[in-house]
Structures are given as structure tokens and as C-alpha cells.
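# Examination of the molecular architecture
Chain by chain, the residues:
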Amino acid sequence: MIPNEVGALLAYLGRLDPRLIRTDTGEARDQIAQWHHLLGDVPLETGHGWDTRLVAREHILNSPYPILPADIARRWNTYRRDRLQRHTDPTPSADPDDQAAWTAELARTRRAVATGSAEPAQHRALTGGRARPDLEARLREIGSCIPPAVRTQLATYRPTRAAREAIIAGGRPDALGVQCEWCHAAEGQPCRSRRVGPEGGARGNAPRATPHPSRLESAATQHTQQPAAASGGTEPSPSPRSSGHELIRPGTDEPVIGPPSADTTNAPLGKAA
């Protein structure tokens, strides 16, 4: 903004917030100089969504404090960053062998986008739309995008995933396909070891090599319910251990399976955390 635009902006803001009005000529001149020094790189308005008067009006509506030129400058910097993040550099029309001309055209394009003189070239939007409705069905027909030979070679570096794929391929219950009711591990995530301390609180959160027994039972229940639901049969009754309350062995996060014995009678009652 030039000083005349800064003066017009201050006159507009003075009608909205009388605290910004300066009646003395010297104070008004100093105020315009201060605002111009901080807002010299900020345009009054652009043709692509920026208007300093609207930004200042929004600040006056939402803040009890008088607006400062730094408030407008911060909003302008945020506006510039957002435009540059949405911008993808188009291929310059200059000769690629002319490095100076190539770089200068890129700089001019970015400067025009940053200052609001041009719209961002959103080439990323071409791939950011909605997926085709038949895409999932086609992917199921094609199968995995990883060839079987490559998947076999990757099994050495992904033992956990390879073991899970073998379980699914064998038609056995997938423990990681359900949420763990004991440690609340999400689907696809390994269980966590939460050892119970003497005071009854959980200690430690290290990943477990094997799922919790309650998670195995939930996976088995879901595995048996799927064929029954497909055939229209009745669902089996839920396991009594799926209520979220189990006995814990002292010093571990392992639930006790079966009737409580003498060494677990005084064990603290665990609850899904």
C-alpha cells in the first residue's frame, strides 16, 4: 500500500473504531507513516479473495483490542503461505538451456501467486477428486498391486504382516482385524502390554508380540459369525469374557482364563483402559 491508501484505510477504520482516530495533524502523519512502514508490502485488495478492509473489520468484530498494523500483516503472511502451498509450478515457456530465463520465469510466477495477482496453478487438484464408483470393485478383481514374487521377497522384512497374510489366506481368525477390548488397540495395530503395578494402576505400554487372549476370542467370534450371518443363521451368544472386566495376574497384563485360583483371588480387578 502507498501512503494515500494507508490514509484511506485509517479513515475507514476510524469510522468503525473511534479509538484509531487522530485529531492532531502531527499524530495523524506519524500514524500513517507507522502503518505504511509495516504494511508497505501488503496490497489494499486483490482480485483473488484478499481485502484489507474486510480483514480489519473482522478483527474489530472479534477482538476487544484496537487493531494494529501487525495484525493485518500476520493475516497477509498466512494468506500468502496458503496460496503458495496450493500452487504447483507450471513448466516455464523459456528455453530450459537458458538457466537464467528459466529461473526468472519461475520466480515471476511465484511472485504473482504470492501477491494475489494470479491464481495458484492447482495441478494437484487433478488427482485430489473423488474416486470412481467402480474403483473398489476393479481393485478387487485385479487383486494386490504387489506381485506375488515381490511379496514373497518382502516377507523377510515384514514378518508380522507376512504372518497375518498367511493367517487370512488360511481362513483362520485374524486377531488384528478387530479392536482389542483389553488394551483398546485399534484394528491393524498390535496389542500393548500394560502391566499392573502394586497400586493397581497400569504401567508400561510396549507392543506385544502376540495379541491378548480376549482379542483372539473376539476375532474367533467374529470369524464364526460371518458365515452364520451370510447363511441367515442366528448369531452366537457373546463370550462372557467380553464384558470388559477380567482378573489379571499380578505384575502382568495377562487376564486369567478359567475359574480364579488361590493365587489370583486377591488380584486387582482390571478394566479396559
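Above this text is the structure in question.
Residues numbered from 1 in each chain as written. Predicted model: local features only at pLDDT ≥ 70, side-chain atom pairs only at ≥ 80, totals over all residues. Heavy atoms only, no water.

With that out of the way, let us pick up the overall build of the protein. The helix and strand inventory of the protein stands at nine helices and four strands. The helix and strand sequence of the protein, counted from the amino end, reads α-α-α-α-α-α-α-α-β-β-α-β-β. Classification of the 273 residues of the protein by burial places 25% in the buried group. Counting contacts in the protein only where the partners sit at least 6 residues apart, residues at least 24 apart contribute 55% of the total. Here the protein displays about 18,200 Å² of accessible surface, and carbon together with sulfur accounts for 55% of that area. (Helix = DSSP H or I, 4+ residues; strand = E, 2+ residues; numbered from the N terminus. Buried < 20%, exposed > 50% of the residue type's maximum accessible area, 1.4 Å probe, protein only. Contact = heavy atoms within 4.5 Å. Areas by Shrake-Rupley, 256 points an atom, 1.4 Å probe, with all protein chains shown as cover.)

Tallied over the full model, the rule gives ten salt bridges. In this structure, the salt-bridge partner of Glu 58 is Arg 75, at a minimum N-O distance of 3.4 Å. Here Glu 58, found in helix H3 (residues 52-62), pairs with Arg 75, found in helix H4 (residues 69-85); they are 17 residues apart in sequence, far enough to count as distant. Relative accessible area serves as the criterion here: at 36%, Arg 75 is assigned to the partly exposed category. Two residues, Glu 165 and Arg 151, come together in a salt bridge whose shortest N-O distance is 2.7 Å. Of the two residues, Glu 165 sits in helix H8 (residues 159-169) while Arg 151 sits in helix H7 (residues 148-154), which places them 14 residues apart along the sequence. Classification of Glu 165 by relative accessible area gives partly exposed; the value is 24%. Residue classification places Arg 151 among the partly exposed positions, given a relative accessible area of 21%. (Salt bridge = Lys/Arg side-chain N within 4 Å of Asp/Glu carboxyl O.)

A word on the nonpolar core. With 18 residues, the main nonpolar core has Leu 9, Leu 13, Trp 35, Leu 39, Trp 50, Ile 67 and Ile 72 as its most contacted residues. Every element with two or more residues in this core is listed here: helix H1 (3-16), helix H2 (25-39), H3 and H4. Listed in part, the five residues of the second largest apolar core include Trp 182, Cys 183, Ala 185 and Cys 191. (Core = buried A, V, L, I, M, F, W, Y, C linked by side-chain atoms within 4.5 Å.)

Estimated volume of the largest pocket: approximately 390 Å³. In terms of residue class, the lining of the largest pocket is made up of ten nonpolar, four polar and five charged. (1 Å grid on protein atoms, 1.4 Å probe; cavity = no way out; pocket = protein on both sides within 12 Å on 5 of 7 lines; lining within 4 Å. Points joined across faces, edges and corners; volume = space filled by probe spheres on them. Nonpolar A, V, L, I, M, F, W, Y, C, P; charged D, E, K, R; others polar.)

Turning to H3, a few remarks are in order. For H3, the full list of buried residues reads Thr 52, Val 55, Ala 56 and His 59. Projection of H3 onto a plane perpendicular to its axis shows the buried side chains occupying an angular sector of 95°, all on one side. More than 90 degrees from the buried face of H3, the exposed residues found are Leu 54, Leu 61 and Asn 62. Where H3 is buried, its residues meet H1 and H4. The backbone nitrogen of Arg 53 has a side-chain oxygen 3.0 Å away, supplied by the residue at the start of H3, namely Asp 51. (Arc of directions from axis to C-beta. Polar contact = N/O pair within 3.5 Å; in protein donor to acceptor, adjacent residues only side chain to side chain.)

Looking now at the side chain of Asp 17. Looking at the secondary structure, you find Asp 17 in the loop between H1 and H2. The class of Asp 17 is buried, set by a relative accessible area of 6%. Excluding residues within four positions of it along the chain, Asp 17 makes contact with Ile 60 and Pro 66.

The next subject is the state of the cysteines. Evaluated as defined, the whole model comprises zero disulfides. Cys 180 takes part in no disulfide bond, and the closest cysteine sulfur, belonging to Cys 183, lies 3.6 Å away. Under the relative-accessibility criterion, Cys 180 is labelled buried at 0%. The class for Cys 183 is buried, based on a relative accessible area of 3%. (Disulfide = S-S within 2.5 Å.)

Okay, the packing of aromatic side chains next. Under the definition given, this model contains three aromatic pairs. Between the aromatic rings of Trp 50 and Trp 76, the centroid separation amounts to 5.1 Å while the plane-to-plane angle is 65°, which identifies the pairing as edge-to-face. Within this pair, whereas Trp 50 is found in the loop between H2 and H3, its partner Trp 76 is found in helix H4, the two being separated by 26 residues in sequence. Given a relative accessible area of 4%, Trp 50 falls into the buried group. (Phe/Tyr/Trp six-rings, centres within 6.5 Å; stacked < 30°, edge-to-face > 60°.)

Our next topic: the environment of Ala 112. One can find Ala 112 in helix H5 (residues 99-114). The exposure class assigned to Ala 112 is partly exposed, which follows from its relative accessible area of 22%. If sequence neighbours within four positions are ignored, Ala 112 has contacts with Ser 117 and Ala 118.

Here we come to the packing of H2 against H4. Their axes nearest at 9 Å, the elements H2 and H4 cross at an angle of 15°. Taken together, the axis directions place H2 and H4 in an arrangement best described as roughly parallel. The interaxial crossing formed by H2 with H4 has right-handed handedness. Contacts from Trp 35, Leu 38 and Leu 39 in H2 reach Pro 69, Ile 72 and Ala 73 in H4. A per-class count over the contact of H2 with H4 returns six nonpolar, no polar and no charged. (Axes fitted to C-alpha atoms, helices over the stretch in contact; angles between N-to-C directions. Parallel < 35°, antiparallel > 145°, perpendicular 65-115°, else oblique. Left-handed = near helix turned anticlockwise from the far one by under 90°.)

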